[in-house]
Amino acid sequence: MKVSIGGPLKLAFRPWVEGLENVPAEGPAILASNHLSFSDSFFLPAVLDRKVTFIAKAEYFTTPGVKGRLTAAFFKGVGQLPVDRSGARGAGEAAIRSGLDVLERGELFGIYPEGTRSPDGRLYRGKPGGLARVALASGAPVIPVAMIDTEKIQPPGKVMPKLMRPGIRIGRPLDFSRYQGMEHDRFVLRAVTDEVMYEIMKLSGQEYVDIYATAAKRRIADAAKAEKEAEKAAKAALAQAQKDAQAQKDAQAQLDAPRPRARADTRPDAPQAEQDAPRAQQDTARHDPAARDRVQRGQTETDGAP
């Protein structure tokens, strides 16, 4: 893998390195690095002559499909160790067991104390469960490492990398033998982790944030969700306002529309008695002979009138 991937990687990106002399030529050591990009696990082993074994989440080894099988084959090929983070204590216990096995073989063990990639390029609080306990239980030196600009090469969510030069700064080994046998003291674990993170901060020049990166990711996700919901609510309010305005416009149009005129022959102002008089005369003449004669004489006089 160093020949097939490491060589072309160094040729294409030409990463610069400072402090290579701080990595021992043999014997166990822990490389504690900041984590900016997925490509961190490629660049650091590529610039070292020795093999570096990182722990990787188990999903990289169990994802189905062609892409999942290729990913699993790659991680197995570079000697990465799957860690199941679904347990009660998550990656901590699995990292300890895996890390101790690697160090007992006299190899280099790589770990990201932040526990996940930085969501915004800043350095976040280190988790003491894996790094400090492995260091105290093994007695191996901890070498702080700072990855520089790798997040610009391949930001989270991007597949195709951007060609530019990343940097790697390797600090002097840190000795925590003074705390040997105290790996179950949470205050000691916190002190060891904070000391390592401080050295990483000095090497990387990153802004330090005293919260866990996982918590920061949740906040960012919650803020993005709230912004999306607010945008959705604003769109709904705008649509309702447009609907209300249209309804008001339609109602005003009905009020302003001209009313139809009355028919001329309807004569709504004619007295009802005047309209009913001829019909009453005909009904009376039908039952009274004298009245019938008067009606006929009246009609004859009317017909003979000039």
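For the structure itself, look to the data block above.
Residues numbered from 1 in each chain as written. Predicted model: local features only at pLDDT ≥ 70, side-chain atom pairs only at ≥ 80, totals over all residues. Heavy atoms only, no water.

Caption draft 1: Region of interest: the overall build of the protein. Secondary structure summary: the protein contains 11 helices and 9 strands in total. Going through the 306 residues of the protein one by one, you find that 34% of them count as buried. Looking at the protein alone, contacts between residues at least 24 apart form 78% of all its contacts between residues at least 6 apart. When the accessible area of the protein is evaluated, it comes to approximately 19,300 Å², of which 54% is carbon and sulfur surface. (Helix = DSSP H or I, 4+ residues; strand = E, 2+ residues; numbered from the N terminus. Buried < 20%, exposed > 50% of the residue type's maximum accessible area, 1.4 Å probe, protein only. Contact = heavy atoms within 4.5 Å. Areas by Shrake-Rupley, 256 points an atom, 1.4 Å probe, with all protein chains shown as cover.)

Caption draft 2: Fine view of the pairing of strand β8 (residues 167-170). Both strand β1 (residues 16-18) and β8 contribute to a ladder of 3 bridges, which runs parallel. When the sheet's bridge partners are listed, glutamate 18 is paired in β8 with arginine 169. With 4 bridges joining them, strand β7 (residues 142-148) and β8 adopt antiparallel strand pairing. Across the sheet, methionine 147 pairs through a bridge with isoleucine 168, a residue of β8. (Pairing = 2+ DSSP bridges.)

Caption draft 3: Expanded view of the sheet that holds strand β4 (residues 81-83). One open sheet accounts for 7 strands, arranged β1-β8-β7-β2-β5-β3-β4; its pairing is mixed. The open sheet terminates on both sides in strands that have one partner only, identified here as β1 and β4. Pairs of neighbouring strands in the sheet enclose a mean axial angle of 25 degrees, with direction left out of account. Here 4 bridges tie strand β2 (residues 29-33) to strand β5 (residues 108-111), and the two strands are oriented parallel to one another. Within β5, the position partnered with alanine 32 by the bridge is isoleucine 111. (Axes fitted to C-alpha atoms, helices over the stretch in contact; angles between N-to-C directions.)

Caption draft 4: Spotlight on unusual backbone geometry. The phi torsion at arginine 14 lies on the positive side, around 50 degrees, for a residue other than glycine. Looking at the element boundaries, arginine 14 is found in the loop between α1 (2-13) and β1. Phi at aspartate 149 is positive, roughly 65 degrees, even though this residue is not glycine. By secondary structure assignment, the location of aspartate 149 is in the loop between β7 and α7 (150-153). Overall, the relative accessible area of 24% leaves aspartate 149 in the partly exposed class.

Caption draft 5: The arrangement of the packing of aromatic side chains in detail. Throughout the structure, instances matching the rule amount to 3 aromatic pairs. Their ring planes at 55 degrees and their centres at 5.4 Å tell us that phenylalanine 38 and phenylalanine 42 sit as a pair that is tilted. Ring centres of phenylalanine 54 and tyrosine 112 lie 5.2 Å apart, and the angle between their planes is 15 degrees; this geometry places the pair in the stacked category. Of this pair, phenylalanine 54 sits in strand β3 (residues 52-57) while tyrosine 112 is found in the loop between β5 and β6 (123-124), placing the two residues 58 residues apart along the sequence. Above the plane of the ring of tyrosine 212 lies lysine 127, whose end atom (NZ or CZ) is 5.9 Å from the centre. (Phe/Tyr/Trp six-rings, centres within 6.5 Å; stacked < 30°, edge-to-face > 60°. Lys NZ or Arg CZ within 6 Å of the ring centre and 35° of its normal.)

Caption draft 6: Quick look at the side chain of threonine 193. With respect to the helices and strands, the residue threonine 193 is situated in helix α8 (residues 186-204). Given a relative accessible area of 0%, threonine 193 falls into the buried group. Within the local environment of threonine 193, its side chain forms a polar contact with the backbone oxygen of leucine 189, the two atoms lying 2.8 Å apart. Beyond its immediate stretch of four places on either side in the chain, threonine 193 contacts Gly126, Lys127, Pro128 and Ala132. (Polar contact = N/O pair within 3.5 Å; in protein donor to acceptor, adjacent residues only side chain to side chain.)

Caption draft 7: Just the environment of leucine 81, in detail. Here leucine 81 lies in strand β4. Since its relative accessible area comes to 23%, leucine 81 is described here as partly exposed. Separated by 28 residues in the primary sequence, leucine 81 and threonine 53 place their C-alpha atoms 7.3 Å from one another.

Caption draft 8: Representation of the packing of α1 against helix α2 (residues 40-47) within the structure. Across the interface, α1 lies against α2 with an axial gap of 9 Å and an inter-helix angle of 95 degrees. In terms of orientation, α1 and α2 fall into the roughly perpendicular class. Between α1 and α2, the residues in contact are Lys2, Ile5, Gly6, Leu9, Lys10 and Phe13 and Phe42, Phe43, Pro45, Ala46 and Val47, respectively. The residue makeup of the contact of α1 with α2, split by class, is 8 nonpolar, 1 polar and 2 charged. (Parallel < 35°, antiparallel > 145°, perpendicular 65-115°, else oblique. Nonpolar A, V, L, I, M, F, W, Y, C, P; charged D, E, K, R; others polar.)

Functional significance is not addressed by these values, which are geometric in nature.
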